[in-house]
Protein chains: 6
Amino acid sequence: MHLTYLLPAPMHATALGETEMRRRAALLSDWAGSDTRITVTAVDRGPASVESAYEEYLAIPAMGEALRDAERAGTDATVLGCFGDPGLDGLRELAGRPVVGPAGAAMALACTLGHSFSVVTVSSGVRPLLRRLAWETGVLPALCEVRSVELSVLAINQDHDAAYAALRAECEQALSTTDADTLVLGCMSMGFLGAAEQLTAELGVPVLNPIRAAVHHAQTLHRMGLTPSRRAFPAPPALVADADAELMHHAQNRLEVTG
Amino acid sequence: MHLTYLLPAPMHATALGETEMRRRAALLSDWAGSDTRITVTAVDRGPASVESAYEEYLAIPAMGEALRDAERAGTDATVLGCFGDPGLDGLRELAGRPVVGPAGAAMALACTLGHSFSVVTVSSGVRPLLRRLAWETGVLPALCEVRSVELSVLAINQDHDAAYAALRAECEQALSTTDADTLVLGCMSMGFLGAAEQLTAELGVPVLNPIRAAVHHAQTLHRMGLTPSRRAFPAPPALVADADAELMHHAQNRLEVTG
Amino acid sequence: MHLTYLLPAPMHATALGETEMRRRAALLSDWAGSDTRITVTAVDRGPASVESAYEEYLAIPAMGEALRDAERAGTDATVLGCFGDPGLDGLRELAGRPVVGPAGAAMALACTLGHSFSVVTVSSGVRPLLRRLAWETGVLPALCEVRSVELSVLAINQDHDAAYAALRAECEQALSTTDADTLVLGCMSMGFLGAAEQLTAELGVPVLNPIRAAVHHAQTLHRMGLTPSRRAFPAPPALVADADAELMHHAQNRLEVTG
Amino acid sequence: MHLTYLLPAPMHATALGETEMRRRAALLSDWAGSDTRITVTAVDRGPASVESAYEEYLAIPAMGEALRDAERAGTDATVLGCFGDPGLDGLRELAGRPVVGPAGAAMALACTLGHSFSVVTVSSGVRPLLRRLAWETGVLPALCEVRSVELSVLAINQDHDAAYAALRAECEQALSTTDADTLVLGCMSMGFLGAAEQLTAELGVPVLNPIRAAVHHAQTLHRMGLTPSRRAFPAPPALVADADAELMHHAQNRLEVTG
Amino acid sequence: MHLTYLLPAPMHATALGETEMRRRAALLSDWAGSDTRITVTAVDRGPASVESAYEEYLAIPAMGEALRDAERAGTDATVLGCFGDPGLDGLRELAGRPVVGPAGAAMALACTLGHSFSVVTVSSGVRPLLRRLAWETGVLPALCEVRSVELSVLAINQDHDAAYAALRAECEQALSTTDADTLVLGCMSMGFLGAAEQLTAELGVPVLNPIRAAVHHAQTLHRMGLTPSRRAFPAPPALVADADAELMHHAQNRLEVTG
Amino acid sequence: MHLTYLLPAPMHATALGETEMRRRAALLSDWAGSDTRITVTAVDRGPASVESAYEEYLAIPAMGEALRDAERAGTDATVLGCFGDPGLDGLRELAGRPVVGPAGAAMALACTLGHSFSVVTVSSGVRPLLRRLAWETGVLPALCEVRSVELSVLAINQDHDAAYAALRAECEQALSTTDADTLVLGCMSMGFLGAAEQLTAELGVPVLNPIRAAVHHAQTLHRMGLTPSRRAFPAPPALVADADAELMHHAQNRLEVTG
């Protein structure tokens, strides 16, 4: 199958650049296995960084365009490259094939591994958002708490070891102060640094990498021949009337790399 | 005080046009009372109509720009002109003064008038969205159900009486089949046609007009000197660093009318 | 409009006396604005102080009589002068016009200002009651916690500064140990001392004064032409049969002052 | 043990009169068994009938006085003679020995007999109240629904068979339209007519008589040496200071009969 | 009535032996009163000890056989001798008379004594199980928390005083850090050592002994003529077809002692 | 990977026999894909059929033995062959590798495809059980309802077309009377007849085959290197002390077939 990983920010125009996109494509390809072809796509415009709900909203229109282009190019499923699952309901309205949000996929998976899970993320500001995503997924009763360390993306990239140590300390707190038995890593950057796998090994409880949860979720849907419910996410009437309608299109200068 | 009513679609460029905007401004002015000055503002671009979650996302960036312009022009509070409360959390991040969503304001008010309320709206597709708004407001336990008739905006405008009759029949069903004791009209167009007031008189239970609920909510916050919690809706860091930052701006051709 | 503030204890017969009633009337008048006439009424009998649920029950019959008298005298709405919303459902059965409980009004308002609110009150014994009021209002999911300091009414009146300091310390704890983003002051006495406004300014989050929330709530209902749902609060059959029925009346010696 | 059954209305002054009080005392005595002495007490004043929340509030002060008198006379426990559990929290503050509300006792018992129970009562107006009692007891998740037929006390007394038939039809509806597996009879009058026992036999599911549930609940607490938690229901400070304090007393003309 | 107390492990084959079974039978007899005859029965096989969910499952088939034998021998009700209520739903399918789980009975009773209760047990591993039992009983909203000390059955038997001290310290923590107003002792061994009664006296809040709660629950059902709902726990079809069917029987070597 | 499908009843000793086991193994193999080796194992003893909770309990000990044998034989994961997820918590205590319950896996997957799902199963008696499984998985808020037709296993096997028609009619009812947007087929027999895939195609909403959901769930866990949380499902102490302990073993006469 062909799976697209859709970045909500123009990473190719940032300091991380194409190099990081290629590195992520390679990791995704390893994780997905040989029967899945990976494309990593970044939107062509948007705020320099997404650090607020408003900036997330600014990103969604370009994500919609990139998603439609990916489907026209034959992708079998799309995974959103942000743990906030930005615009998931709206993007599913546009899509003809599975669109997977990592938060939803990881939290649904966590439900099946124990009695109660906690999410550990890197910014306190997203705690209410992540609780809302748990509610939208329908799993709020299984969510013990959302915890966070205050790590900026910059800090993560400058010192991986310090970032990992902070994250691990927070996970240990989660386990020693509550009955949570499963953890979800609420951060794609740390996910691409292998933090979840290392934490799983060191802490002795499952710590879910949301990227891998989302990729295998997309594979499962593809293999089962399922798409998100059209009854839940009906196509915009303008698209129903004209499948090629451009709801509000822009010229593109988007980057894609392949894993 | 100065209150801005912010339309999420470019109504001035549609068949309803400036005439309807002026009519709405006059009604808002009547409802708000003589100590409140009303401006009705429409965004300058966006999908021709908002009939899906994706189109709602398309509207939010222009709403953010219009909101910032309204605050620069001295508005004391802004009411969103859509019962879906589009982008409310993100818009509050941008704002320095109260931003009010009609669904949240009306549902919070409904909580105080009885034991259980139902929302009656004009499109079945928004039922899950309205349940989510009830959850976000924190009032889901008081929500009995969301009911809908299938009325297009076109149908409402072509035959007000038929639309009212359909709405009233649905309200009667809501009362005869459940213990709901209070109703919320989930539709701004019907709100501007006086449906809520007529239904209140005819059915003998409170039927809330969300427009008026939102206007008085904004007045209450203004008079109490309150704004939405900055802890819940922190300003985007880019705006904190530079208050005049244009996160992603466009040339404007927006219309404002005064009530 | 004419608004009555109904005290559940015979304050005119206590040490605070008429002087405090006049002071409160003046404050209410300032808060309500020039288009609202205020009457402060105290019941004519009842326990010397209300410090338990049983004493609250003892107060309700006299409140019912005072409410009916206020409506006969032409009040447009009545606000209960106690954060416990004593007898609200029963009093609404008697009333023909809005009766507002400050706890319900303030908690509904708090729902609209953030994701999660806490109530900070002055007596630990009322914590279960306030949770019940949140449930009755339908907003329990938005209630983070009810916190309290142990301040007696006497202590508040003897040393306002010490009382304010204790309250502020508790509010700071509420913010530092939970994700609550909005606070509700659960105390009318502190409300009449301006504590909420000072806390809002000093803490940087909205701290709601329940008195003002209730007054503006009553104004909103009056302006929208709404009363609590008769379906939720049906009139006692004996009153339906005879509108002048005295369900169980007593001679009165009640005090009213005007703001 | 000595158990007092406390009627919230002056039944001795109504058409049912002492005869009915004696009949009820005899039934209670049969149900309780030979080791329990029964006293039926009616309050000495109050509304002629209790058909609204306000009238329930009117009854509570006299119930408090009667409860204190019963405890002074040596009762070991008191059962409230009304399925609305009027004033239960306040009365427990006054009491030194168990006070049992039939709704709470019956709903807690129903929880243990299946997965989901429904209450079937005789007046639609009390449905919200009974839901609140389920919440206060903490068993709302087990409550399937509250159903009602419209039977007045007069109608029940005039034609027992018609009343039973209506009740049985409603119970059958409860079982055929939901998954409720246990029923609670929400009516003391029908309870004293043996309806619950007859319905249990005819319908093949447990139909709980709330009177008997409350009596055995009181016996259980007495035998286990338990009283309701003083932490939940602290004594009014005025009573703590002076155990003989009369919070607000009246001359009495109360009737007691013994089973 | 005749009540059987059914031990899920072959206690007669352990160090505690028949002596402890006789001691328990005597205590049960004292608690139940003179009108109830007690039989203590231990299953004839099963894991040496029950310290996991899997071992609990291993115990259930033998419990089913013992239950059927007890009913054939004329027991009027059966109380399960384990706070985990092992196999309660399945055992009720087999039974023709009341089967009572101590956890469900004690938690339902706790609901009626205050606003919120906590369970204090002796092993952290059962906390999720006890939360599930609270959910199955329908009382989860009233459950404040499940707390535990780490006491093995061996430790309890070796040093009662140390075990009691640890338990009391945990109960004090439960009361000082939460609003729980009622406690449930989640341990049958400590129940048979009188810990609940001592804690009730020393802490000033009700601390429920689950054994006595279950015994009186069984008496209540017997006196009211009620059995668990057959609609909730239908008989296995094989038993309906042949009331004497042995679903999967074994030779027995069971011990019974009488209180 | 090597995946074991564990049947809770001795199917090889029933009319369906080895032929059906081979057919199921082949289907599982097709669904799982070429990189997964399938073994179908039936327990060696147990009730002739599992039609009650008690019979489910009778099956669990033999399932535990079969599971341990499968792990000793090198299986990488085990899927339980019953939609009731019998003994899942206990079996996970025994296991060193993933054990997957089809109900939990399918319900978690359904959460991610829309706002609200319903389960459609073939026996009304399991509705409370399936609600409990939804609660244990943590997804109860997303469960709209559990519906059932009354189809015996015999009826399904005698007339597939009639069974499918009944199931489809129930699914159509689920969609026309509620807002459910996703369905879960609550029946393994119908799953092996391809009903879910046909319903998905005919009804236009996702209808999940729980068998395939469970198989892909097991693959996902295997590929991510995850096992259920040992903190949630600790090994029985007797096994920790002696990894080869036979908690309660029996001679075996089990059948395995390979897909």
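What counts as what
- Residues numbered from 1 in each chain as written.
- Chains lettered and ligands numbered in written order.
- Predicted model: local features only at pLDDT ≥ 70, side-chain atom pairs only at ≥ 80, totals over all residues.
- Heavy atoms only, no water.
- UniProt positions renumbered as here; feature names shortened; annotations may be inferred.
- Least-squares fit on C-alpha atoms with pLDDT ≥ 70 in both.
- Contact = heavy atoms within 4.5 Å.
- Domains from an automatic or database assignment.
- Buried area = accessible area lost by both parts, 1.4 Å probe.
- Helix = DSSP H or I, 4+ residues; strand = E, 2+ residues; numbered from the N terminus.
- Polar contact = N/O pair within 3.5 Å; in protein donor to acceptor, adjacent residues only side chain to side chain.
- Salt bridge = Lys/Arg side-chain N within 4 Å of Asp/Glu carboxyl O.
- Nonpolar A, V, L, I, M, F, W, Y, C, P; charged D, E, K, R; others polar.
- Buried < 20%, exposed > 50% of the residue type's maximum accessible area, 1.4 Å probe, protein only.
- Pairing = 2+ DSSP bridges.

Per an unreviewed UniProt entry, chain A is named Aspartate/glutamate racemase family protein, and its organism is Prauserella cavernicola. Under Sequence similarities (unreviewed entry), UniProt gives the following word-for-word description of chain A: "Belongs to the HyuE racemase family."

Undergrad: Give a description of the relation of the copies chain A and chain F that names residues and reports values.
TA: For the pair chain A and chain F, the relating rotation is 180°, the translation along its axis is 0.0 Å, and the fit reaches an RMSD of 0.0 Å. With respect to symmetry, the two chain copies, as superposed, fit the operation of a two-fold axis. Mapped onto chain F, 100% of the interface residues of chain A again fall at the interface, so both copies present the same surface.

Undergrad: Before we move on, can you summarise the domain arrangement of chain A with the specific residues and values?
TA: Residues and elements named next belong to chain A. Here chain A is partitioned into domain 1 (2-101 + 214-230) and domain 2 (103-210). Relative to domain 2, the C-alpha centre of domain 1 lies at a distance of 21 Å. Each partner contributes residues to the interface: domain 1 has 18 residues there, and domain 2 has 20 residues. For the domain 1 and domain 2 pair, buried surface summed over both sides reaches about 1,400 Å², with 64% attributable to carbon and sulfur atoms.

Undergrad: Outline the side chain of threonine 36 of chain C, supporting the account with residue identities and numerical values.
TA: Residues and elements named next belong to chain C. One can find threonine 36 in the loop between α1 (17-32) and β2 (37-42). In terms of polar contacts, threonine 36 uses its side chain to reach the side chain of aspartate 35, at 3.3 Å. Among all residues touching threonine 36, those that are not within four sequence positions of it are Met1, Leu3, Gln219 and Arg223.

Undergrad: Lay out the interface of chain A and chain F in plain terms, naming residues and giving numbers.
TA: The partner chain F presents 42 residues to the 42 residues of chain A that form the contact. Taken together, the links from chain A to chain F amount to 0 salt bridges. Connecting chain A to chain F are 18 residue pairs in polar contact (both at pLDDT 80 or more). Looking at the side of chain A that touches chain F, the elements with two or more residues in it are α4 (102-111), β8 (207-208) and α10 (210-224) of chain A. Ranked by residues supplied to the side of chain A that touches chain F, first place goes to α10 of chain A with 8 residues. Along the lines of polarity and charge, the residues of the side of chain A that touches chain F split into 21 nonpolar, 15 polar and 6 charged.

Undergrad: I'd like a rundown of the pairing of strand β3 (residues 77-80) of chain F, residues and numbers included.
TA: All names here are of chain F. Residues of β3 alternate between two faces, with Ala77 and Val79 on one and Thr78 and Leu80 on the opposite face, all of them buried. Across 4 bridges, the pairing between strand β1 (residues 2-7) and β3 is parallel. Bridged to tyrosine 5 within β3 is valine 79. In this sheet, strand β4 (residues 99-100) lies alongside β3 in parallel orientation, the contact comprising 2 bridges. Residue pairing across strands places valine 79 opposite valine 100, the latter belonging to β4.

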